[in-house]
Structures are given as C-alpha cells and as structure tokens.
Amino acid sequence: MSHNENHELIKNAVKYIDKLGSGKTTIEEVAKNAGFSIDYFNRIFRNHTGFNVMEYSRFRRLNKAARLLRLSDTDILTIALECGYDSHEGFIRAFKDQYGKTPSEYRESMKGKQFVWADHELNATAVAEFRHTLPNFSEINADDAIDWLLEKDAKRYGYTAVTIAFNGSKVLSNSSLQDKGCFVTSDNFYDQPLLTLVLNDIEMLREYVETLIQLSPGNIDCIFDTDVSLEVVEKALEGIPYKTLKACPETMYFGEPFVLPEAAKEYDIHVLELKDLDAVEELISQHPDPVFKRTGGYGIRNLLQQPLSQRPLEQYMGVFKDGKLLAIAYDGLQSTHGFCLSNCIHTPFLPGAPQDAIRYLYLAATNAIMERGYIPFEDAQFDEYANVHGGFDAFELGFERVNTVFSIGF
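Residues numbered from 1 in each chain as written. Predicted model: local features only at pLDDT ≥ 70, side-chain atom pairs only at ≥ 80, totals over all residues. Heavy atoms only, no water.

A.B. asks: Honestly, the overall build of the protein in this entry has me stumped. Any pointers?
C.D. replies: Along the protein, the regular secondary structure elements total 18 helices and 12 strands. Across the 410 residues in the protein, those meeting the buried criterion constitute 49%. For the protein, long-range pairs separated by at least 24 residues make up 69% of all intrachain contacts whose partners lie at least 6 apart in sequence. Carbon and sulfur atoms provide 49% of the accessible area of the protein, an area that totals close to 19,400 Å². (Helix = DSSP H or I, 4+ residues; strand = E, 2+ residues; numbered from the N terminus. Buried < 20%, exposed > 50% of the residue type's maximum accessible area, 1.4 Å probe, protein only. Contact = heavy atoms within 4.5 Å. Areas by Shrake-Rupley, 256 points an atom, 1.4 Å probe, with all protein chains shown as cover.)

Okay, here's the thing in structure tokens:
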C-alpha cells in the first residue's frame, strides 16, 4: 500500500477515534473498522502519528479533559466520567502520566494563561507524520525560533512568532535551512497540515515547496525577510501543481488613538457586560452563520457569564442603536517573549447593520487594544471582507504593511 493510501487510512482512523469521543474503544474495533489486521494497522498508525492506537485514544481523551479543566469550572469527577474514566483515581493517575500534574494541580497552574490551540488540535500526529515523510528534518526548540524571529525583525515576524506560541506550533528544520536561519512551522487543522515556510532567499522557495508537498498540505504560507512581489513568487513556482496563490498583507497600527466623529454619538458603543446578555442572545439567534450560533457567538455567551476575575484579557465590545445590539467586535490578545499584539478585530453583525456602525465599533475596539498595551494587527480587513465589514480597509485607517505572506493552496 502506498504512503498516500496509508495517509488516508490513518486519517480516517483518527476521525473514527475522535468521533467516539469519550466512548471506550479497542484496537480490534479500530483495525476492523479500517479493514486490516491489528499488527499491521498498529504499525502504520504509529509510523504516521507517533502513537499506537490505544495510546492515541488515551491521548485524545485526556486532551479533552485538559481543555475542560482550563476552560470550565466543571468538577473533576464529572470531567473524568465525561472523558470515559470509570473512577476518579484512574483518571487522576492517567492524567498525571500525560501532563505531569494532577487535574487539580493542572487547573491551578493554567489559571490566567491563554488558550493554546495545540491543546485542541493534532500537532503531535502532524509532526510525527512530517518526520516520517521527511526524515532529514528534525524538530527544533520553538522558544529558540521565537527569539530568533523577534530579534531579527519583530515587526516583520512578530505575528509569526506569536502564532507559534499561540498555536503550539512545532518548528522543524533540516541542515540546509538551519544553516541559513530558516525553518518550517507545522500545524494540523481541518485534517491537513498547514505549514509556514520562513525563508530568507527567494531562490530557496521552489526546492522547499517541492519538498513539503510530499506531506499533502492544505496550505504552505511563505514568508521572506525582504519584500517580494507576487510575480516573482509565481515565476519561482512555475510547474508546481498548486491551486491558488494569494499575497496576503500583514499590517500593524502604530498611530494615535482614533477620535470618533460626531456622528458616532448616535450609537452606544461599550464593552459588553453581563447586563447585555439578552441583547447578545438576540444577535446570536439572528446571525446567519451557523457556526457563530452553535458556539454561542464564538464563546461570547460563556465569557459574559464568567466572573470578572476569571475572564481573559480579550474584550468584546458592542455597538447599540435604540437598545438593539447591531454588531460585536472581539480581539485576540496574544503575546510571547514580551511581544504583544492583537490578532485582528472581528465584527460579526446583524444583517442590515449600518456600515458606519461597524466602522465606529472597529475604531473604538482598536483604541481599547492600544490602551491595554498591545499592537493592533490586521490581515483580514481588506478587499471583499472589508467591503462587507464596514466598507473600509486597514490601510485607510493608517495601518502599516509590515509583511506579506504568500499563501499557496493545494
């Protein structure tokens, strides 16, 4: 069986295990579902994921438990049962084996720490497959990579550095890349690797894209240490079978706080509080995005019900007209090694909400970010997205282009 066929087999097996959730499984059940013998299946599963089947099942159940400990006040016994453990003692023992702390110690140690996507996604399996497919790459210390990026050019690479920390990205390099201070970061979202290739020479691009496509990535994002045009990147990639190529600007705002115009006074713009919960519920119920509804407004509902002392630094602001909530702005405050930025301002809104209301909300949210000592960062408020979300782009407001990411879709 080819590597690609094995990849699909393992991907489907991972989906099967994750679909079971807290339900107990056995290697016999998973192997039977995949149509292979236990020994063969366990071997290729480990080759691709770094786990055997039962190790992976346990990893995911405890992974879920860790998220619940960090993101909820649910008592530990309830979490143990929800994650498939019959006894409190067995759960504590298994959790400590994986995380080095008891559940209560883990919860206490994580208070006030920002959520890391690696706690949710499958980076352990992604990196195992990366190294299995490209054995001349080895993992390097993520903190070293973050320091290198920030020391080299914090404006150009700051978002990449923060993303490594926030996503829990793994950083890999081979001898050729490492000699030139370059590397690849690996994440695994939506069943396909998402890779960021940090280079300092356009001449290296073709070689490493051809190498990395062996991993069947969803995207490879390429970043250079100097400004490079889309035409130059297109030429370097001639003959490589990619589907899309986009030049995505990354911008930061270093200007003065915005002074909202007189017309903004017809709206009430403020940080959302518990008293606004009914208005938030109404906006969620009327919002057209099913994901927004299903997640309670991307977690807004849950956040407003948390005690102020337990809330993260992120804020949700709303713009109201005659008591009706028209739109919400939320930021993603992220920091690493002393570098602090806000990862875009998102503005979900009711159908028919006035564009000027969204614009004023965005300005107020940007001011609030700067008041907390973070650099406003934006890579979405452009083109089609901007046309819908307020009718303005980040450059118009004075955001400065600090980098361009070339995103190659496969």
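A.B. asks: Just checking my understanding: could you explain the nonpolar core for this structure?
C.D. replies: Across soluble globular proteins, nonpolar side chains have a tendency to be buried as a group. Val319 and Leu397 are the most contacted members of the largest nonpolar core, which totals 29 residues. Only strand E8 (316-321), strand E9 (324-336), helix H16 (355-371) and helix H18 (394-397) provide two or more residues apiece to this core. Of the residues forming this core, the biggest block, 10 residues, is contributed by H16. Setting aside chain neighbours within four positions, we find leucine 397 in contact with Tyr253, Phe258, Arg359, Tyr362, Leu363 and Phe392. Leu215, Ile220, Cys222 and Phe406 belong to the second-largest nonpolar core, a separate cluster that totals 28 residues. (Core = buried A, V, L, I, M, F, W, Y, C linked by side-chain atoms within 4.5 Å.)

A.B. asks: How do you make sense of the pattern of salt bridges when you look at a structure like this?
C.D. replies: Pairing between side chains of opposite charge can happen when their charged atoms approach one another. Enumeration over the complete set of coordinates arrives at 13 salt bridges. Notably, a salt bridge pairs glutamate 262 with lysine 265, separated by 3.2 Å at the nearest N-O pair. Both residues of the pair, glutamate 262 and lysine 265, count as exposed. Note that lysine 321 and glutamate 266 form a salt bridge whose closest N and O atoms lie 3.0 Å from each other. You can see lysine 321 sitting in strand E8 and its partner glutamate 266 sitting in the loop between strand E6 (244-252) and strand E7 (268-271), a full 55 residues away along the chain. Since its relative accessible area comes to 29%, lysine 321 is described here as partly exposed. (Salt bridge = Lys/Arg side-chain N within 4 Å of Asp/Glu carboxyl O.)

A.B. asks: What is the right way to look at the pairing of strand E11 (residues 375-378) in this model?
C.D. replies: Side-chain direction in a regular strand flips from residue to residue, so the side chains alternate between the two faces of the sheet. As defined by bridge partners, E6 adjoins E11 across two bridges and the pair is classed as antiparallel. For methionine 252, the partnering residue across the bridge sits in E11 and is phenylalanine 377. When strand E10 (residues 339-346) meets E11, the two strands line up parallel, connected through three bridges. For serine 342, the partnering residue across the bridge sits in E11 and is proline 376. In this view, the connection linking E10 to its parallel neighbour E11 by way of H16 has right-handed handedness. (Pairing = 2+ DSSP bridges. Right-handed = clockwise from strand over helix to strand, strands pointing away.)

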